[in-house]
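Below, each chain spelled out in residue letters.
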Amino acid sequence: MNLFGTMYDKTMAWSKHRFAPFWLSFVSFIEAIFFPIPPDVMLIPMSMSKPQSAVKFALFTAIASVLGGIIGYALGYYAFDFVEHYINQWGYQAHWQTAIQWFEKWGILVVFVAGFSPIPYKVFTICAGVMQMAFLPFVITAFISRAARFLLVAKLAAWGGEKFAAKLRKSIEVIGWSVVILAVVAYFILR
């Protein structure tokens, strides 16, 4: 069954589309508010297929993510009662409690770590608003951490380029099914 290969081929084709930078920015923007899929899934193939534009793609991603983070901050600051319903509905309660504890303990450093790591960034943007973190330090820290993360991801993908893309394509079915199996096993172990 060539499920992951087909998805990989479509993703690589879409990454070369003329509107791909717009969609990358859009996904990055909404991921900082509510969307569950990180923009890396678009940034990596785009950077592999157009290595000369990797830095530009990373900056688009970082700027859009910070703008989305500002919306997340405003939601936490002004409309937490509304947002709390979705935090519970989407299963982010544990992430939310962890974020609150980390903000109380480490303050602005949490925004930097969350912006650079694969932790759900949206939880921390909303939490920063709820905790009424100073706005300008929030924006500056978010930009530095998001830009650092996306530049790193884009440059690594660009470094691999088309040669790495071709090698990855050969192994994508094994990688994809391995991730599915690990996710199922983890689900049954951790529930």
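Residues numbered from 1 in each chain as written. Predicted model: local features only at pLDDT ≥ 70, side-chain atom pairs only at ≥ 80, totals over all residues. Heavy atoms only, no water.

J.: So what's going on with the overall build of the protein? Residues and values would help.
T.: Along its length, the protein carries nine helices and zero strands. Starting at the N terminus, the α and β elements of the protein follow one another as α-α-α-α-α-α-α-α-α. Once the C-alpha set of the protein is aligned to its principal axes, its extents read approximately 45 × 40 × 25 Å. Buried positions account for 41% of the 191 residues belonging to the protein. Across the protein, every contact between residues at least 6 apart in sequence was considered, and the portion connecting residues at least 24 apart equals 80%. As presented, the protein carries roughly 11000 Å² of accessible surface, and 72% of it is formed by carbon and sulfur atoms. Positive and negative side-chain charges of the protein, numbering 15 and 8 respectively, have mean locations separated by a distance of 13 Å. (Helix = DSSP H or I, 4+ residues; strand = E, 2+ residues; numbered from the N terminus. Buried < 20%, exposed > 50% of the residue type's maximum accessible area, 1.4 Å probe, protein only. Contact = heavy atoms within 4.5 Å. Areas by Shrake-Rupley, 256 points an atom, 1.4 Å probe, with all protein chains shown as cover. Lys, Arg positive; Asp, Glu negative; His and termini not counted. Charge placed at Lys NZ, Arg CZ, Asp CG, Glu CD.)

J.: Describe in detail the layout of surface pockets, supporting the description with residues and values.
T.: The space that makes up the largest pocket amounts to roughly 480 Å³. Y8, T11, V41, L168 and I172 are, among the 17 residues lining the largest pocket, the residues nearest its centre. Of all the elements in the fold, those that place two or more residues in the lining of the largest pocket are α1 (3-15), α3 (40-49) and α9 (135-190). Residues belonging to the lining of the largest pocket are distributed by class as follows: 13 nonpolar, two polar and two charged. Estimated volume of the second largest pocket: approximately 320 Å³. If you trace the second largest pocket, you find 14 residues lining it, with T11, W14, W23, V27 and M42 closest to the centre. For the lining of the second largest pocket, the elements supplying multiple residues, two or more each, are α1, α2 (20-31) and α3. Broken down by element, the lining of the second largest pocket gets its largest block of residues, four residues, from α3. Classifying every residue of the lining of the second largest pocket gives 11 nonpolar, three polar and no charged. (1 Å grid on protein atoms, 1.4 Å probe; cavity = no way out; pocket = protein on both sides within 12 Å on 5 of 7 lines; lining within 4 Å. Points joined across faces, edges and corners; volume = space filled by probe spheres on them. Nonpolar A, V, L, I, M, F, W, Y, C, P; charged D, E, K, R; others polar.)

J.: Explain the nonpolar core to me, using residue names and the numbers behind them.
T.: The tendency in soluble globular proteins is for nonpolar side chains to be buried as a group. Counting 24 residues, the largest nonpolar core has W96, F103, F124, M133 and F138 as the members making the most contacts within it. When contributions to this core are tallied by element, the ones reaching two or more residues are α4 (54-78), α5 (80-89), α6 (93-106), α7 (109-116), α8 (121-130) and α9. Ranked by residues supplied to this core, first place goes to α8 with six residues. If we ignore the near neighbours within four places in the chain, the residues touching M133 are Y73, F103, G107, I108, V111, A128 and F138. (Core = buried A, V, L, I, M, F, W, Y, C linked by side-chain atoms within 4.5 Å.)

J.: Give a detailed account of the confidence of the model for the protein, specifying residues and quantitative values.
T.: Of the residues in the protein, 99% have a pLDDT of 70 or more, and the chain-wide mean is 86. Per-element averaging of pLDDT across the protein places α1 at the bottom with 77 and α4 at the top with 95. (pLDDT = per-residue confidence, 0-100.)

J.: Before we move on, could you go through α3 and cite the residues and values that matter?
T.: The buried fraction of α3 is high, at seven of 10 residues. Here α3 has its buried residues at D40, L43, P45, M46, S47, M48 and S49. On its buried side, α3 packs onto α1, α2, α4 and α9.

J.: Run through the packing of aromatic side chains, naming residues and quoting values.
T.: Taken as a whole and assessed by the stated rule, the structure comprises 11 aromatic pairs. With a centroid separation of 6.0 Å and 15° between ring planes, the pair formed by Y73 and Y77 is classed as stacked. Of this pair, Y73 and Y77 both sit in helix α4, four residues apart, roughly one helical turn. Given the relative accessible area of 37%, Y77 is considered partly exposed. Three or more aromatic residues joined by ring pairs make a cluster, and in this case those are Y73, Y77, Y78, F135 and F138. In this structure, R146 packs its charged tip against the face of Y121, placed 4.0 Å from the ring centre. (Phe/Tyr/Trp six-rings, centres within 6.5 Å; stacked < 30°, edge-to-face > 60°. Lys NZ or Arg CZ within 6 Å of the ring centre and 35° of its normal.)

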